[in-house]
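Next come the chains, spelled out residue by residue.
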Number of protein chains: 4
Amino acid sequence: MKAYAMLGLGQTGWIEKERPSCGPMDAILRPIAVAPCTSDVHTVWEGAIGDRTNLVLGHEAVGEVLEVGEYVRDFKPGDICIVPAITPDWNSVEAQDGFPMHSGGMLNGWKFSNAKDGVFAEFFHVNDADGNLAILPEGMSPETATMLSDMLPTGLQASELAGVRYGDDVVVVGIGPVGLMVVRGAVLRGAARIFAVGTRRNCVEVALEYGATDIINYKNGSILDQVMALTNGKGVDKVLIAGGDVNTFDEAVRMLKPGGAIGNVNYLGSGDYIKIPRVEWGVGMGHKMINAGLMLGGRRRMERLAAMVMAGRVDPSKLLTHRFEGFDTIEEALFLMRDKPADLIKPVVSIAW
Amino acid sequence: MKAYAMLGLGQTGWIEKERPSCGPMDAILRPIAVAPCTSDVHTVWEGAIGDRTNLVLGHEAVGEVLEVGEYVRDFKPGDICIVPAITPDWNSVEAQDGFPMHSGGMLNGWKFSNAKDGVFAEFFHVNDADGNLAILPEGMSPETATMLSDMLPTGLQASELAGVRYGDDVVVVGIGPVGLMVVRGAVLRGAARIFAVGTRRNCVEVALEYGATDIINYKNGSILDQVMALTNGKGVDKVLIAGGDVNTFDEAVRMLKPGGAIGNVNYLGSGDYIKIPRVEWGVGMGHKMINAGLMLGGRRRMERLAAMVMAGRVDPSKLLTHRFEGFDTIEEALFLMRDKPADLIKPVVSIAW
Amino acid sequence: MKAYAMLGLGQTGWIEKERPSCGPMDAILRPIAVAPCTSDVHTVWEGAIGDRTNLVLGHEAVGEVLEVGEYVRDFKPGDICIVPAITPDWNSVEAQDGFPMHSGGMLNGWKFSNAKDGVFAEFFHVNDADGNLAILPEGMSPETATMLSDMLPTGLQASELAGVRYGDDVVVVGIGPVGLMVVRGAVLRGAARIFAVGTRRNCVEVALEYGATDIINYKNGSILDQVMALTNGKGVDKVLIAGGDVNTFDEAVRMLKPGGAIGNVNYLGSGDYIKIPRVEWGVGMGHKMINAGLMLGGRRRMERLAAMVMAGRVDPSKLLTHRFEGFDTIEEALFLMRDKPADLIKPVVSIAW
Amino acid sequence: MKAYAMLGLGQTGWIEKERPSCGPMDAILRPIAVAPCTSDVHTVWEGAIGDRTNLVLGHEAVGEVLEVGEYVRDFKPGDICIVPAITPDWNSVEAQDGFPMHSGGMLNGWKFSNAKDGVFAEFFHVNDADGNLAILPEGMSPETATMLSDMLPTGLQASELAGVRYGDDVVVVGIGPVGLMVVRGAVLRGAARIFAVGTRRNCVEVALEYGATDIINYKNGSILDQVMALTNGKGVDKVLIAGGDVNTFDEAVRMLKPGGAIGNVNYLGSGDYIKIPRVEWGVGMGHKMINAGLMLGGRRRMERLAAMVMAGRVDPSKLLTHRFEGFDTIEEALFLMRDKPADLIKPVVSIAW
């Protein structure tokens with residue numbers, strides 16, 4: 001089969017690869033819509049997961065089921081499905097402990113374009129189809145639904161990690177596609193004021209549409225100073241991090257009230273340490289909780305997100321600024337993601353067969 | 001001072017009463033806007049809290065501070081404040097255990113027109129001003145803010161009791177003013193589909209504006225059957241109860257999935273027992289949690305709700321279908337609440353001084 | 001193979017049945033130690049799950065793995081394993097929602113001697129071996145370990161359902177083998193005073209050894225009156241139910257403080273309704289939470305329980321008052337469970353091969 | 001009155017000071033038993049809270065009520081009371097948000113020998129007597145009860161911060177008096193194996209009596225290596241920190257499983273930053289939660305702890321290795337705490353009047 005792959009560090013291209021085979025619990029799909037992700041960029045051009053040869057890229061997809069294993073109960077060829085970026089082994093001890101995304105080891109629920117080939121191929125493999133696929137609801141476009149693979153669940157995770165509750169004042173650091181979903185997720189957990197930190201015009205517009213009440217631009221001074229000024233020196237209840245780097249946590253702790261919390265969903269690509277300022281952390285006694293985690297994947301999460309979209313709670317299509325047609329345009333879409341023009345939020349590729 | 005009171009069971013009228021005196025932690029206010037509540041109706045015409053003589057009615061108010069006690073730190077005469085219906089003793093053991101509304105005994109955080117005179121008076125007393133008042137934000141009308149005394153916090157409590165989370169399918173039983181706030185509260189905790197049970201046209205309209213996706217009319221058959229039909233026999237994740245009676249729980253348990261939960265905020269005025277159907281409750285092992293509780297009051301809750309309103313998360317003014325002007329119109333507004341014409345959601349009285 | 005089965009309502013006996021076959025994720029074991037359970041008694045003599053013909057009984061076992069499916073990673077023939085009574089389908093939507101015991105439908109995680117043959121056979125089948133078996137730790141006897149199949153996890157569930165926390169006063173209703181584990185579970189969640197309701201001498205002794213501070217005997221008057229007297233009229237923080245019937249909840253609600261909670265793990269075998277007293281439930285606003293649920297099974301739970309036993313936190317062998325040797329004594333042990341002599345807590349059968 | 005005070009940085013001595021006056025909600029007590037704390041040492045000899053002149057030291061006490069304010073309901077002269085180190089303003093917005101220890105600002109629930117004079121005086125003041133005193137139960141010695149002021153509640157907080165649950169494997173870093181209480185607190189939240197890190201013989205003995213299963217001595221190599229070896233490379237579910245310094249968190253994160261948590265109750269006296277290792281923290285996605293907080297004080301907490309002690313759940317008297325008689329011995333006891341001889345866990349001073 002034809003596939004678009006990481007050939008080695010910094011190199012991508014089209015390759016021929018054997019069609020994956022289907023285990024008794026699994027499914028084989030072909031993509032109907034896919035989206036490249038910043039993680040693909042990290043993987044290829046920053047070596048985030050080390051060097052790889054001919055690893056098929058991509059982990060955001062809606063696909064058609066072509067084949068299912070003998071023990072699959074609920075899916076059959078012809079079903080159009082949302083495919084989560086994280087496809088856990090649900091019987092693992094980690095999943096039983098409540099952390100399926102770490103099934104078999106930290107972050108190991110992430111299999112596509114990491115432990116196995118991704119979705120930028122004519123055919124791709126989904127482990128545990130009953131546990132990890134979800135039917136695309138009637139009336140939802142495949143393109144919109146690709147945002148349920150990673151963007152939306154990663155965004156909602158931030159509020160869950162930090163425990164956002166009714167009336168919280170919240171800072172959202174970063175309003176790329178994930179950060180925008182963090183904004184919407186905070187609204188849908190009851191946040192009051194939402195201070196969104198970002199500058200790009202398209203992103204700012206969507207942040208406001210999603211419910212941000214204040215936009216903070218780092219060009220106007222330190223984020224910390226701006227937040228403290230806007231809150232009369234009180235600080236905020238929660239800081240949700242979807243951008244920045246290991247240094248972001250320093251300011252985040254400083255702008256938190258005691259009893260506040262940080263929820264991080266940002267991939268931290270470099271630096272040895274995240275540094276927590278001792279005094280502002282209450283000399284170790286300030287109840288400023290710090291949490292950080294990979295998205296929750298799997299079937300039920302996808303079903304829940306799809307139900308939210310169908311009920312009108314969130315419209316992920318606002319992220320889709322650039323649309324491509326045809327399997328062959330995957331490369332173009334990926335390069336766009338890498339180059340991040342000012343007007344980009346997220347590209348998506350529609351694939352007709 | 002002049003006040004509008006329950007004279008005895010089934011009787012109300014204007015009385016003269018001594019102006020309340022102010023303890024060292026307390027405040028005296030005069031009302032700027034007040035709203036009668038179904039609870040006032042229960043109190044007078046159904047004897048919900050027993051017989052009372054010359055008890056001043058009313059527990060939903062925005063007022064101006066006239067006097068504060070010696071130990072009050074944060075409020076001063078002239079401040080315009082939101083007054084919660086529930087004003088706990090914050091140093092009680094119950095509050096320290098997380099249940100301030102039961103400070104000093106079950107439901108004893110409810111003081112207005114229960115343990116002491118209410119707000120339908122020229123002057124009213126607020127215990128623990130620092131703990132129980134909240135400044136009316138600039139830009140919020142006093143009339144709208146009266147909905148923060150009871151309607152909004154009672155409504156949000158339902159989702160908190162039941163633990164609504166992202167993607168839950170939720171039934172809301174009853175869409176009077178509290179039920180409508182329950183609908184909005186469920187949206188703001190991440191509910192997906194919301195099945196609102198009610199029939200009155202005004203209420204249905206606001207329910208849809210607040211985010212209900214489906215309206216269930218009991219005239220079209222049993223609620224249970226309709227919910228099961230609409231969910232393909234699966235049932236729902238949460239049932240939030242803001243109407244009905246002790247029998248409502250029977251159907252509620254039946255329409256819940258295992259692992260589901262009930263959150264009740266409805267005052268149950270009669271009947272000896274709430275009855276839980278044994279088999280549908282999983283013979284005592286179905287993880288269908290049943291919770292029920294009085295609203296959370298106090299200052300911080302009011303501040304949180306006010307912040308939510310100012311951020312545009314909820315617009316409680318949609319409830320205000322009938323507006324009155326002048327202290328003397330309190331009686332008319334109360335009678336309207338008692339008589340519940342079809343187009344009523346909630347009346348409010350503006351009081352100029 | 002030879003097996004001990006329910007022949008029909010009220011009838012049991014030895015039968016010949018075909019050895020179960022092993023799916024790709026599954027295992028076949030032979031029992032090394034088994035224990036009959038009150039549920040077996042309910043099943044046969046009370047028709048709890050309806051009529052059944054030649055259904056092999058038993059769901060508490062330690063066994064030796066004889067065969068594993070092709071896709072089993074972590075177990076192999078010769079492994080000695082603890083087998084939980086509840087063996088969920090871990091990829092089900094219910095498990096993904098946090099309720100594996102209801103995978104595929106309410107209570108459907110319970111498969112042994114319900115949806116399929118139980119463990120009182122020369123060979124028995126375990127679905128999803130990787131997800132549902134746990135290695136018997138060195139130094140733990142198989143007989144003790146049979147108490148981890150059902151008694152211990154059911155007991156601990158009560159405190160989890162009710163949310164027992166440091167310093168709670170707790171009533172435990174019923175001190176049969178499950179109730180005794182409820183007592184120990186409450187100690188290990190931080191309970192202060194534990195009022196254990198029961199009369200049988202053996203059970204009372206073990207209850208005290210497990211940490212009960214007060215024994216309440218229904219022969220000395222109503223349980224409610226005794227609890228209220230012992231708590232100076234305050235009532236308790238939690239009521240954990242492991243005995244009684246549908247009427248037990250009436251008294252339980254009455255003895256709870258506002259903000260308290262009920263955790264039920266008792267199988268409710270008869271009666272149409274559990275009845276909650278309206279007034280004492282705070283007219284629907286008292287924050288007296290009512291929760292009830294089947295035990296959590298599966299591998300990780302067994303591993304956690306085994307670790308607790310090995311660390312000396314709980315000694316389940318105290319339950320084992322009657323010990324039998326040999327596969328053929330299963331009937332005698334079951335009849336003992338049915339007849340419940342005064343000195344019985346729990347029988348266990350050791351099986352040498 | 002006579003009092004023992006910090007005269008300035010590094011200097012202590014007896015002073016004469018005016019007897020404190022009693023507000024309307026407050027109480028004046030005289031000490032019956034007091035204990036010096038490592039925090040007193042930090043305050044005087046490490047300048048932890050800055051320079052102070054004639055600040056009376058001490059925050060662990062049992063005392064007799066001599067005087068109460070006009071609005072105090074539940075206490076009267078002659079009552080013997082446990083006094084928590086943390087005495088919040090219960091009506092503050094922080095307390096209403098669930099964080100009374102930060103009432104009025106981060107850590108500001110800590111008033112004794114910080115915002116006002118401490119308990120090493122002939123008379124001391126307690127703010128909000130109804131909210132912050134607890135009756136000493138009959139049968140509990142005042143000396144034992146001084147351990148409820150700070151040692152026990154600080155210890156239990158660690159397990160609460162980290163969310164210890166049934167069957168967790170737990171590391172406790174530091175087994176001074178607080179660390180020992182952390183060990184006991186972990187047992188009473190259901191921990192399985194407890195790896196206690198420490199070396200002093202007395203402390204090790206008590207750690208084992210409290211329920212530690214393994215003792216780790218840093219002299220035998222890195223703590224991380226030892227924990228990983230003892231857990232077959234799996235790591236642990238929770239790390240509870242009651243010793244070490246800002247660098248302790250680095251190892252702590254490394255020894256955690258994904259989905260694990262850190263609960264810190266150690267005062268971090270120096271260093272600019274706590275450093276979290278990026279890769280082992282799952283590049284920001286490992287669900288390794290980091291929490292840290294001051295103890296929960298106030299009346300209800302003291303009542304809960306006292307109930308636990310009376311029920312035999314924890315025996316804090318095991319900490320009391322050195323006993324002194326007489327008000328005048330406070331200095332000797334404090335110097336002992338400063339000098340920390342090898343056989344010291346905790347000194348206590350009994351004061352007869």
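Residues numbered from 1 in each chain as written. Chains lettered and ligands numbered in written order. Predicted model: local features only at pLDDT ≥ 70, side-chain atom pairs only at ≥ 80, totals over all residues. Heavy atoms only, no water.

Here the focus is the overall build of chain A. Helix and strand counts for chain A stand at 11 helices and 17 strands. For 353 residues, the compact-globule estimate of 2.2 N^0.38 gives 20 Å, and chain A sits close to it at 20 Å. If one aligns the C-alpha atoms of chain A with their principal axes, the spans along those axes are about 60 × 40 × 40 Å. Put simply, chain A has 353 residues, and 67% of those count as buried. Sequence separation of 24 or more characterises 71% of the internal contacts of chain A that already satisfy a separation of 6 or more. As displayed, chain A offers around 11100 Å² of accessible surface, 48% of which is attributable to carbon and sulfur atoms. (Helix = DSSP H or I, 4+ residues; strand = E, 2+ residues; numbered from the N terminus. Rg over C-alpha atoms; globule rule 2.2 N^0.38 Å. Buried < 20%, exposed > 50% of the residue type's maximum accessible area, 1.4 Å probe, protein only. Contact = heavy atoms within 4.5 Å. Areas by Shrake-Rupley, 256 points an atom, 1.4 Å probe, with all protein chains shown as cover.)

Take the relation of the copies chain D and chain A next. In screw terms, the move from chain D to chain A is a rotation of 180° and a rise of 0.0 Å along the axis, fitting with an RMSD of 0.0 Å. On the angle and the small slide along the axis, the relation comes out as a two-fold axis. Mapped onto chain A, 100% of the interface residues of chain D are again interface residues, and the two copies thus contact each other with one and the same surface. (Least-squares fit on C-alpha atoms with pLDDT ≥ 70 in both.)

Okay, the sheet that holds strand 2 (residues 11-16) of chain D next. Residue and element names in this part refer to chain D. Here we have 3 strands laid out as an open sheet, ordered 2-1-4, and antiparallel in their pairing. At either margin of the open sheet sits one strand with a lone partner, and together these are strand 2 and strand 4 (55-56). Of the pairings in the sheet, the one linking strand 1 (residues 2-8) to strand 2 comprises 6 bridges and is antiparallel in character. Note that in strand 2 the partner of Gly8 across the bridge is Gln11. (Pairing = 2+ DSSP bridges.)

Here we take up the interface of chain A and chain B. In many reports, interface size means the accessible area that the parts give up when they come together. In this assembly, 28 residues from chain A lie in contact with 28 residues from chain B. Roughly 2100 Å² of surface becomes buried between chain A and chain B when both sides are summed, with 49% attributable to carbon and sulfur atoms. When the buried area of chain A at its contact with chain B is split by residue, Tyr166(A), Arg304(A) and Arg313(A) rank highest and sum to 41% of it. The tally of links between chain A and chain B comes to 6 salt bridges. In this structure, Arg300(A) and Asp237(B) form a salt bridge, with 3.4 Å as the shortest nitrogen-oxygen distance. Our count for the chain A to chain B interface comes out at 16 residue pairs in polar contact (both at pLDDT 80 or more). Mapped onto the side of chain A that touches chain B, the elements with two or more residues apiece are helix 5 (151-162), helix 6 (177-187) and helix 10 (299-310) of chain A. (Buried area = accessible area lost by both parts, 1.4 Å probe. Salt bridge = Lys/Arg side-chain N within 4 Å of Asp/Glu carboxyl O. Polar contact = N/O pair within 3.5 Å; in protein donor to acceptor, adjacent residues only side chain to side chain.)

Let's shift gears to the pairing of strand 15 (residues 289-292) of chain D. Residue and element names in this part refer to chain D. A two-sided burial pattern is seen for strand 15, the buried positions comprising Met289 and Asn291 on one face and Ile290 and Ala292 on the other. With 4 bridges joining them, strand 13 (residues 256-264) and strand 15 adopt parallel strand pairing. By the bridge assignment for strand 15, Gly263 is matched with Asn291.

This paragraph deals with the packing of aromatic side chains. How two aromatic rings sit relative to each other is set out by the distance from centre to centre and by the angle between their planes. Applying the stated criterion across every chain, the model contains 20 aromatic pairs over all chains. Relative to Trp14(B), the ring of Tyr4(B) has its centre 5.0 Å away and its plane inclined at 70°; by these criteria the two rings are edge-to-face. Of this pair, Tyr4(B) sits in strand 1 (residues 2-8) while Trp14(B) sits in strand 2 (residues 11-16), and the two are 10 residues apart along the sequence. The class of Tyr4(B) is buried, set by a relative accessible area of 0%. Exposure remark for Trp14(B): the relative accessible area of 31% places this residue in the partly exposed category. A centroid spacing of 6.0 Å and a plane angle of 85° characterise the contact between Phe112(D) and Phe124(D), whose relative ring orientation is edge-to-face. Separated by 12 residues along the polypeptide, Phe112(D) in the loop between helix 2 (93-96) and strand 7 (124-126) and Phe124(D) in strand 7 bring together distant segments of the chain. For Phe112(D), a relative accessible area of 0% puts it in the buried group. (Phe/Tyr/Trp six-rings, centres within 6.5 Å; stacked < 30°, edge-to-face > 60°.)

For the rest of this paragraph, the subject is the side chain of Arg301(A). Residue position: Arg301(A) is located in helix 10. Classification of Arg301(A) by relative accessible area gives buried; the value is 6%. Contacts of Arg301(A), omitting those with residues within four sequence positions, involve Pro153(A), Leu156(A), Gln157(A), Glu160(A), Leu296(A), Tyr166(B) and Gln96(C).

Moving on, we come to the interface of chain D and chain A. Facing the 47 residues of chain D at the interface are 47 residues of chain A. For the chain D and chain A pair, buried surface summed over both sides reaches about 3900 Å², with 64% attributable to carbon and sulfur atoms. If you sort the residues of chain D by the area they bury against chain A, Arg278(D), Met285(D) and His287(D) come out on top, with a joint share of 19%. Its salt-bridge partner being Arg165(A), residue Asp97(D) comes within 3.9 Å of it at the nearest N-O pair. In this structure, the connection of chain D to chain A is made through 31 residue pairs in polar contact (both at pLDDT 80 or more). For the side of chain D that touches chain A, the elements supplying multiple residues, two or more each, are helix 5 (151-162), helix 9 (248-255), strand 13, strand 14 (273-277) and strand 15 of chain D. If one sorts the elements of the side of chain D that touches chain A by residue count, strand 14 of chain D sits on top with 5 residues. Residues of the side of chain D that touches chain A, tallied by class, amount to 23 nonpolar, 14 polar and 10 charged. (Nonpolar A, V, L, I, M, F, W, Y, C, P; charged D, E, K, R; others polar.)

A separate point is empty space enclosed by the protein. All names here are of chain B. The full count for this structure, using the stated rule, is 1 cavity of 30 Å³ or more. If you go around the largest cavity, the residues you meet are Val173, Ile223, Val239, Thr248, Glu251, Ala252 and Met255. Tallying contributions element by element places helix 9 (residues 248-255) first for the lining of the largest cavity, with 4 residues. The residue inventory of the lining of the largest cavity, partitioned by class, reads 5 nonpolar, 1 polar and 1 charged. (1 Å grid on protein atoms, 1.4 Å probe; cavity = no way out; pocket = protein on both sides within 12 Å on 5 of 7 lines; lining within 4 Å. Points joined across faces, edges and corners; volume = space filled by probe spheres on them.)

Right, let's talk about the confidence of the model for chain A for a bit. Averaged over every residue, the pLDDT of chain A is 97; residues scoring 70 or more account for 100%. Interface confidence in the predicted complex, given as ipTM, is 0.97; pTM for the same model is 0.98. (pLDDT = per-residue confidence, 0-100.)

Right, let's talk about helix 10 (residues 299-310) of chain C for a bit. All names here are of chain C. Given a rise of 1.5 Å per residue, 12 residues ought to cover 16 Å, and the 16 Å separating the end C-alpha atoms of helix 10 matches this to within 8%. The buried fraction of helix 10 amounts to 9 of the 12 residues, a majority that puts the element mostly inside the structure. Immediately beyond the C-terminal end of helix 10, within one or two residues, lies Gly312, with a positive phi of roughly 85°. (Expected span 1.5 Å × (residues − 1).)

Let us look at the sheet that holds strand 2 (residues 11-16) of chain A. Pairing is antiparallel across the open sheet formed by 3 strands, whose spatial order is 2-1-4 (chain A). Each edge of the open sheet carries a strand with a single partner, namely strand 2 and strand 4 (55-56) of chain A.

Residues and elements named next belong to chain C. At Asn232, a residue that is not glycine, the phi angle is positive and equals roughly 55°. For Asn232, the position within the fold is in the loop between helix 8 (223-230) and strand 12 (236-241). Using a relative accessible area of 69% as the deciding quantity, one classes Asn232 as exposed. For Lys340, which is not a glycine, the phi torsion comes out positive at approximately 40°. By the element assignment, Lys340 lies in the loop between helix 11 (330-339) and strand 17 (346-350).

Another point: the environment of Leu188(D). Mapped onto the elements of the fold, Leu188(D) is located in the loop between helix 6 (177-187) and strand 10 (194-197). A C-alpha to C-alpha distance of 23 Å links Leu188(D) and Ile135(D), two positions 53 residues apart in sequence. Among residues more than four places away in sequence, those in contact with Leu188(D) are Tyr166(C), Val187(C), Leu188(C), Arg189(C), Gly190(C), Met308(D), Arg313(D) and Val314(D).

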